[in-house]
Amino acid sequence: MTDGIVSEWLAEWNNVSQDPHSEKVSDFAESVLVNEDLFQAITHVLEENERFRPLYGDVIATLFALYRSPEKKLRLFAAQFIPSLIYVYLHQIHTQKKCIALETLLRGIYEFESSSDDGPPTGFRIPNVNLPSIYHDPGGVSTSWVSDSDLDRLNARTVKEITRPTLVLSDERIRAPQRLPLCTEVWWIFNYRLPDLPKASVPMQLKTISKLVTQGFHQAGSQSRIQPPIRIVLSSKLLIEMVHTVFFSVYNGAPTLAEQTLEEMSLRAEHQLWADAMLVCNAVRDYLKSSELPVQVEVSSFKKSIITNASFRTKKLPGNQFWFRTNAFYVERYNLPLYFGSK
């Protein structure tokens, strides 16, 4: 079944790619982007590549061609498989298998997005009370609670911008210290494309994250003496990027699976003693447990609880200041519903 679906997709692409500017390419992109069976079949071929060795190389080469295609929907189709590609790459690295083609694909994705005008932003501005935001108008904020020194600082109208460090890949091959940073950057690109990807792919991506963080650990209560699969080495920054994916998944079709995956990620962060990853995992987990944010927001309930300029001064900020400040980032980046309930 899997072989047939993937072989048919490869044959169709070989036929369509002969004329990259024809309408057939657009029709092909439309059809494959919403094809759930094809997505699952290709994911199966990638993650079970030993079993599907004759197809694996052709799939990698085709995904590389699709990502460099001028057709945006073909790039989005290829972007769906980034979690699986990273899982396979790290697994093969730790089993000392050659993965030159897969490494080239991941590097190609990063370099293409880095040079593209449509790529993810390389920096962001830190919110400032003296500058307008989606939460407030500077002219409507009372200054009675602001000290003179704070006013002097705010009136300076200084804008702090944080720029994301650039990963420089100057050598022909990816060196060992660059592998995890490359995976982190490619996952950052995947998160940037998440809102445009089909929501049907979310559960499979969460399962891939689960394998990345739990593979190689014995399950609690398990009496099996079988040696677990090799444990995949991760970094705290890569785990934090995965948290972004999980947070997005909560509001896009897989809340239960997303929360289970978040628990596994939290345990992995605690096992590795990653303070930054533990902070983010716990913050997201506590936020989801205490949040009154529904998955589907009714217009009537939204209007009752939304904060306006007139009510902003009378509303107390929640105790967790971190999540109030970062709500703007998630709302703007993932187009999430904005809801403030009374405590």
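Residues numbered from 1 in each chain as written. Predicted model: local features only at pLDDT ≥ 70, side-chain atom pairs only at ≥ 80, totals over all residues. Heavy atoms only, no water.

(A) Quick peek at the overall build of the protein chain. If you tally the helices and strands in the protein chain, you get 16 helices and 2 strands. Taking all 343 residues of the protein chain together, the buried fraction comes to 44%. Considering only contacts within the protein chain whose residues lie at least 6 apart along the sequence, 73% involve residues at least 24 apart. Of the accessible surface of the protein chain, which amounts to about 19,000 Å², a share of 52% is contributed by carbon and sulfur atoms. (Helix = DSSP H or I, 4+ residues; strand = E, 2+ residues; numbered from the N terminus. Buried < 20%, exposed > 50% of the residue type's maximum accessible area, 1.4 Å probe, protein only. Contact = heavy atoms within 4.5 Å. Areas by Shrake-Rupley, 256 points an atom, 1.4 Å probe, with all protein chains shown as cover.)

(B) Spatial organisation of a nonpolar patch on the surface. A contiguous nonpolar patch, built from Phe-124, Ile-126 and Ile-162 and spanning about 260 Å² of accessible area, is present on the exposed surface. Tracing the backbone shows Ile-162 in strand 2 (residues 161-163). Judged by its relative accessible area of 38%, Ile-162 falls in the partly exposed class. (Patch = residues over 30% accessible without salt bridge, like charges linked within 9 Å, V, L, I, M, F, W, Y side chains within 5 Å. Salt bridge = Lys/Arg side-chain N within 4 Å of Asp/Glu carboxyl O.)

(C) Molecular detail of the packing of helix 3 (residues 36-47) against helix 4 (residues 53-67). Direction vectors running N to C along helix 3 and helix 4 enclose 120°, while the axes themselves pass 9 Å from each other. Relative to helix 4, helix 3 is oriented oblique. Our pair here, helix 3 against helix 4, has a crossing hand that is left-handed. Facing helix 3, whose interface residues are Ile-42, Val-45 and Leu-46, helix 4 presents Leu-55, Tyr-56, Val-59, Ile-60 and Leu-63. (Axes fitted to C-alpha atoms, helices over the stretch in contact; angles between N-to-C directions. Parallel < 35°, antiparallel > 145°, perpendicular 65-115°, else oblique. Left-handed = near helix turned anticlockwise from the far one by under 90°.)

(D) Focus on the packing of aromatic side chains. The tally for this structure, following the rule as stated, stands at 8 aromatic pairs. Centre to centre, the rings of Trp-187 and Phe-190 are 6.0 Å apart; their planes meet at 80°, and the pair counts as edge-to-face. Of this pair, Trp-187 and Phe-190 both sit in helix 9 (residues 176-193), 3 residues apart, roughly one helical turn. Judged by its relative accessible area of 0%, Trp-187 is buried. Judged by its relative accessible area of 0%, Phe-190 falls in the buried class. Among the aromatic residues, those joined into a cluster by ring pairs are Trp-9, Phe-39, Phe-77 and Phe-81. Stacked on the ring of Tyr-87, the Lys or Arg Lys-211 has its end atom at 4.8 Å from the ring centre. (Phe/Tyr/Trp six-rings, centres within 6.5 Å; stacked < 30°, edge-to-face > 60°. Lys NZ or Arg CZ within 6 Å of the ring centre and 35° of its normal.)

(E) Geometry of the pattern of salt bridges. Here the structure, examined in full by the defined rule, presents 10 salt bridges. The salt bridge partner of Lys-73 is Glu-30, with a shortest N-O separation of 2.2 Å. Taken together, the residues Lys-73 in helix 5 (residues 72-79) and Glu-30 in helix 2 (residues 23-33) connect sequence positions 43 residues apart. Given the relative accessible area of 29%, Lys-73 is considered partly exposed. The salt bridge involving Arg-107 is made with Glu-111; its shortest N-O contact spans 3.0 Å. Here Glu-111 and Arg-107 lie together in helix 7 (residues 100-115), a separation of 4 residues that amounts to about one turn. Connected through salt bridges with shared partners, the residues Glu-50, Arg-53 and Lys-97 form a single ionic network.

(F) Representation of the confidence of the model for the protein chain within the structure. Confidence in the prediction for the protein chain averages 80 pLDDT; 73% of positions are at 70 or higher. Confidence, expressed as mean pLDDT per element, reaches its minimum in the protein chain at helix 14 (residues 299-305) with 36 and its maximum at helix 11 (residues 236-250) with 96. Below a pLDDT of 50 lies the segment residues 294-331, which in the model reaches 44 contacts outside its immediate sequence neighbourhood of four places, other chains included. Below pLDDT 50 for its whole length, residues 337-343 participates in 21 contacts with residues either more than four positions away or in separate chains. (pLDDT = per-residue confidence, 0-100.)

(G) Up close: the side chain of Ser-210. Looking at the secondary structure, you find Ser-210 in helix 10 (residues 202-214). Apart from residues no more than four positions distant in its own chain, Ser-210 is found in contact with Gln-215, Thr-261 and Glu-264.

(H) Up close: unusual backbone geometry. Even without being glycine, Leu-273 reaches a positive phi, approximately 60°. With respect to the secondary-structure elements, Leu-273 resides in the loop between helix 12 (255-272) and helix 13 (275-290). Since its relative accessible area comes to 69%, Leu-273 is described here as exposed.

(I) Structural detail: the nonpolar core. Membership of the largest hydrophobic core comes to 86 residues, with the highest contact counts inside it found for Trp-9, Leu-46, Leu-63 and Met-242. For this core, the element with the most residues is helix 11, which contributes 9 residues. Setting aside its immediate chain neighbours within four residues, Met-242 contacts Trp-187, Ile-209, Leu-212, Val-213, Leu-234 and Met-265. (Core = buried A, V, L, I, M, F, W, Y, C linked by side-chain atoms within 4.5 Å.)

(J) Focus on the side chain of Gln-178. By secondary structure assignment, the location of Gln-178 is in helix 9. Not counting residues up to four positions away in its chain, the partners in contact with Gln-178 are Val-168, Leu-169 and Arg-173.

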